[in-house]
Amino acid sequence: RSTHLVIMLTATENPLQDFFDECPLTEIAKDKSVLWSISSEATVRDALEELKNRRILSLPMMDDREKFIAIVSISDIVRAIVMDKSFDKFASGRVRPREKDIRVLLKQCTVFRRTISTMVGNTEESKTFRVFDEKTPFSALFRHFSEGFHRALVMRREGEGPCLISQSDCVRFIYKRMMQESGNAKVASLAGKPLSELSVLYNVHALSIKDTETALAGFRKMLRWRAFSKWNLGAIPVVDKKGRVVANLSESDLRGTDRASFVDLLKPVVEYLRTTHGSVRTPVAATGATTFSEAIRTILEEKIHRLWIVNKDGDPIGVLSLSDIISKFTNFDWAHSRAYELALDFEQLVIHAARCSPDFCLFFFGGGGGHIRVPFHGLSFLLFFLRFCFSFCFSL
C-alpha cells in the first residue's frame, strides 16, 4: 500500500486544468438576467415562497443599506426545517404521528417565522461569501465550484449590476466549449470516457432511502451523508424493495413549504413527493458505459443537477454531480479521487479492527452526524486522524 500511496501523492497535475484560463466570466455574465435578492429581515417563509416562484435554489441577501452580505440557499433552509427539534420524536420513522402530535408540531415549529439572516452558516457554503470580477478566468471559478460551492456573485463593469453564476451555468458553458474543441485530443479523450473510469462509482446504496421510509428520514439522511471527500449532493435516491431507483428526493422539493404543509414530511417519501408535486417524476439515470459527454448532454436536456448511475438491474452504483463535471477541469479533481481512495482504505481497516475488538466507542464524522462504531485504540485513532489530514490537504 505504501507504493500505491506514493503514486497517488505524486501524480497531481490535471492536463485540462488550464483549458479555461483564457475564458473570462464575461462569456456567461453578459447574458445573465436581473439578479433577484432578498432582505435580511425577510422571513424563512418569504424566502421559500420566492425560491418556488422564481424556480431558483438560492438568493443573495442584502442588509438595510442594500449591501450584499451573503448567499442563502435552499440547503441552509432545509437543514433548519428538517433538523428542528420538534421533529426528533419522529426522526426514525417508526413512530406514526397522531392528530395530537400534529397539533403539537404546528405549535412548536417556529422556523418559518425566523428571519432569513438566521439561516446563514447552516451550511459551510453560506459561511463563505466570495465575489468575482467578470474578467476573472473560468478556471478560478471552477476551482471554487469543484470544492463543493454551487454559486458565486459576479460583478459586471458596464453598469449592468451584479449577477449570480451557478454550477448549471458553468456546465452549459463547458459542454459548449467541449463541442467547439472536439478536435482537441485531451478534450476528446475526456468526452469519450465512460463514467466507470471517472471516479464517480461508489457504494451509493449507503445514501439511498427506501420508498417506505418517511421524507423526513430521507432529508435527515441526506444531511448526515458527509463522507470526507464526496460532495454535498443535495439529493438522495429513493429505492424500492428490490433496490432499484424509483424516485429522487432533493432539497429543492422543500421549496414553497410553509407551516401548514411541513408536516407532510412525516409521510412516506413517495407519497410526500406526490403530495408536493402532484406526481412522482421517473428519475433520469445512466450506466457505467455512458460517456462523459453523453452524461452532460442528458443533465442539460433534462434540467437536472445530478445523474444517478445504475447497473443492469436498476440498482444505484454511483452519481455524477455538477461538481464532478466541473472538477474534471481543475487540479482538485485528481486530489479528490485520491482522497476518496484513501478514505475507502481507512474504512476497510476500521471495519477489520472493529471485528477484532470488543472494545468500542462512537466516532462521529463527516460533518452531518453520521457515525460508525470503531475501537478506541491508538492505531484506529491514528488512521482516523490520517484520513482527515489527507482529505484536508487534498482539498487545498
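The structure reproduced in this document is the subject of the present report. (Residues numbered from 1 in each chain as written. Predicted model: local features only at pLDDT ≥ 70, side-chain atom pairs only at ≥ 80, totals over all residues. Heavy atoms only, no water.)

Brief notes about the environment of Val 245
Item 1. Structurally, the position occupied by Val 245 is in strand β9 (residues 245–250).
Item 2. Remark: the alpha-carbon pair of Val 245 and Asp 211, spanning 34 residues in sequence, is separated by 9.4 Å. (Helix = DSSP H or I, 4+ residues; strand = E, 2+ residues; numbered from the N terminus.)

Comments concerning helix α8 (residues 167–180)
Item 1. With 14 residues, α8 extends 20 Å between its outermost C-alpha atoms, agreeing within 8% with the 20 Å of an ideal straight helix rising 1.5 Å per residue.
Item 2. Of all 14 residues in α8, ten are buried, a share of seventy percent or more.
Item 3. Within α8 the residues assigned to the buried category are Gln 167, Ser 168, Asp 169, Cys 170, Val 171, Phe 173, Ile 174, Tyr 175, Arg 177 and Met 178.
Item 4. Buried residues in α8 make contact with α2 (26–29), α7 (138–146), β6 (163–166), α9 (185–191), α12 (292–302) and α13 (322–327). (Expected span 1.5 Å × (residues − 1). Buried < 20%, exposed > 50% of the residue type's maximum accessible area, 1.4 Å probe, protein only. Contact = heavy atoms within 4.5 Å.)

Digging into the pairing of β9
Item 1. Where strand β8 (residues 235–239) and β9 come together, five bridges link them in antiparallel fashion. Pairing of Val 238 across the sheet is with Ala 247, part of β9.
Item 2. Where β8 folds back on β9, the antiparallel hairpin that results is connected by five residues, among which Gly 243 adopts a positive phi of roughly 90°. (Pairing = 2+ DSSP bridges.)

Notes on the packing of α8 against α12
Item 1. Packing of α8 against α12 leaves a shortest axis separation of 10 Å and a crossing angle of 135°. Between α8 and α12, the crossing angle belongs to the class labelled oblique. Seen along the crossing, α8 lies across α12 with a hand that is left-handed. Every residue of α12 that contacts α8 at Val 171, Arg 172, Tyr 175, Met 178 and Met 179 is listed here: Phe 292, Ser 293, Ile 296, Arg 297 and Leu 300.
Item 2. When grouped by side-chain class, the residues that make up the contact of α8 with α12 number seven nonpolar, one polar and two charged. (Axes fitted to C-alpha atoms, helices over the stretch in contact; angles between N-to-C directions. Parallel < 35°, antiparallel > 145°, perpendicular 65-115°, else oblique. Left-handed = near helix turned anticlockwise from the far one by under 90°. Nonpolar A, V, L, I, M, F, W, Y, C, P; charged D, E, K, R; others polar.)

Observations concerning the packing of aromatic side chains
Item 1. With the rule as written, the count across this model stands at eleven aromatic pairs.
Item 2. With centroids separated by 5.5 Å and ring planes inclined at 55°, the aromatic side chains of Phe 138 and Phe 142 adopt a geometry described as tilted. Residue Phe 138 and its partner Phe 142 are located together in helix α7, separated by four residues, close to a single helical turn.
Item 3. Residue class for Phe 142 comes out buried when judged on its relative accessible area of 0%.
Item 4. Between Phe 219 and Tyr 272, the aromatic rings sit 6.2 Å apart at their centres with planes inclined by 90°, giving edge-to-face as the arrangement. Taken together, the residues Phe 219 in helix α10 (residues 215–224) and Tyr 272 in helix α11 (residues 269–277) connect sequence positions 53 residues apart.
Item 5. Taken together through their ring pairs, the aromatic side chains of Phe 19, Phe 20, Phe 138, Phe 142, Phe 173 and Phe 329 make up a single cluster.
Item 6. Stacked on the ring of Trp 36, the Lys or Arg Arg 54 has its end atom at 3.4 Å from the ring centre.
Item 7. Against the face of Phe 19 rests Arg 177, its NZ or CZ located 5.2 Å from the ring centre. (Phe/Tyr/Trp six-rings, centres within 6.5 Å; stacked < 30°, edge-to-face > 60°. Lys NZ or Arg CZ within 6 Å of the ring centre and 35° of its normal.)

Observations regarding the pattern of salt bridges
Item 1. Under the criterion given, the structure shown has 14 salt bridges.
Item 2. Among the salt bridges present, the one from Lys 267 reaches Asp 264, with a minimum N-O distance of 3.4 Å.
Item 3. With relative accessibility at 24%, the residue Lys 267 sits in the partly exposed group.
Item 4. Residue classification places Asp 264 among the buried residues on the basis of a relative accessible area of 17%.
Item 5. For Lys 312, the salt bridge identified is with Asp 313, shortest N-O distance 3.7 Å.
Item 6. Overall, the relative accessible area of 79% leaves Lys 312 in the exposed class.
Item 7. By relative accessible area, which is 46% here, Asp 313 ends up partly exposed.
Item 8. Here the residues in one salt-bridge network are Lys 32, Asp 169 and Arg 172, joined through shared partners. (Salt bridge = Lys/Arg side-chain N within 4 Å of Asp/Glu carboxyl O.)

A closer look at the sheet that holds strand β7 (residues 209–210)
Item 1. Here we have three strands laid out as an open sheet, ordered β7-β8-β9, and mixed in their pairing. Whereas interior strands pair on both sides, the edge strands pair on one side only; in this sheet they are β7 and β9.
Item 2. Pairing between β7 and β8: two bridges, direction parallel. Bridge pairing links Ile 209 to Val 238 in β8.
Item 3. Most of the contacts of α10 go to β9, to which it runs at about 70°, and overall it touches β7, β8 and β9.
Item 4. Packed onto the sheet, α11 meets β7, β8 and β9 and runs at close to 65° relative to β9.

What to know about the sheet that holds strand β3 (residues 68–73)
Item 1. Reading across the sheet, the three strands line up as β1-β2-β3 and stay open at both edges, with mixed pairing between neighbours. At either end of the open sheet lies a strand with only one pairing partner, and these are β1 (38–39) and β3.

Quick notes on the pairing of strand β5 (residues 151–155)
Item 1. Of all the five residues making up β5, four are buried; the element is thus mostly covered by neighbouring parts of the structure.
Item 2. Note that strand β4 (residues 131–133) and β5 share three bridges and pair parallel. Bridged to Val 131 within β5 is Leu 153.
Item 3. Between the parallel elements β4 and β5, the chain passes through α7 in a crossover that is right-handed.
Item 4. Pairing analysis gives four bridges linking β5 to β6, with the strands arranged antiparallel. Counterpart to Leu 153 in the pairing with β6 is Leu 164. (Right-handed = clockwise from strand over helix to strand, strands pointing away.)

Note that every value here comes from positions in space, so none of it alone points to a role or purpose.
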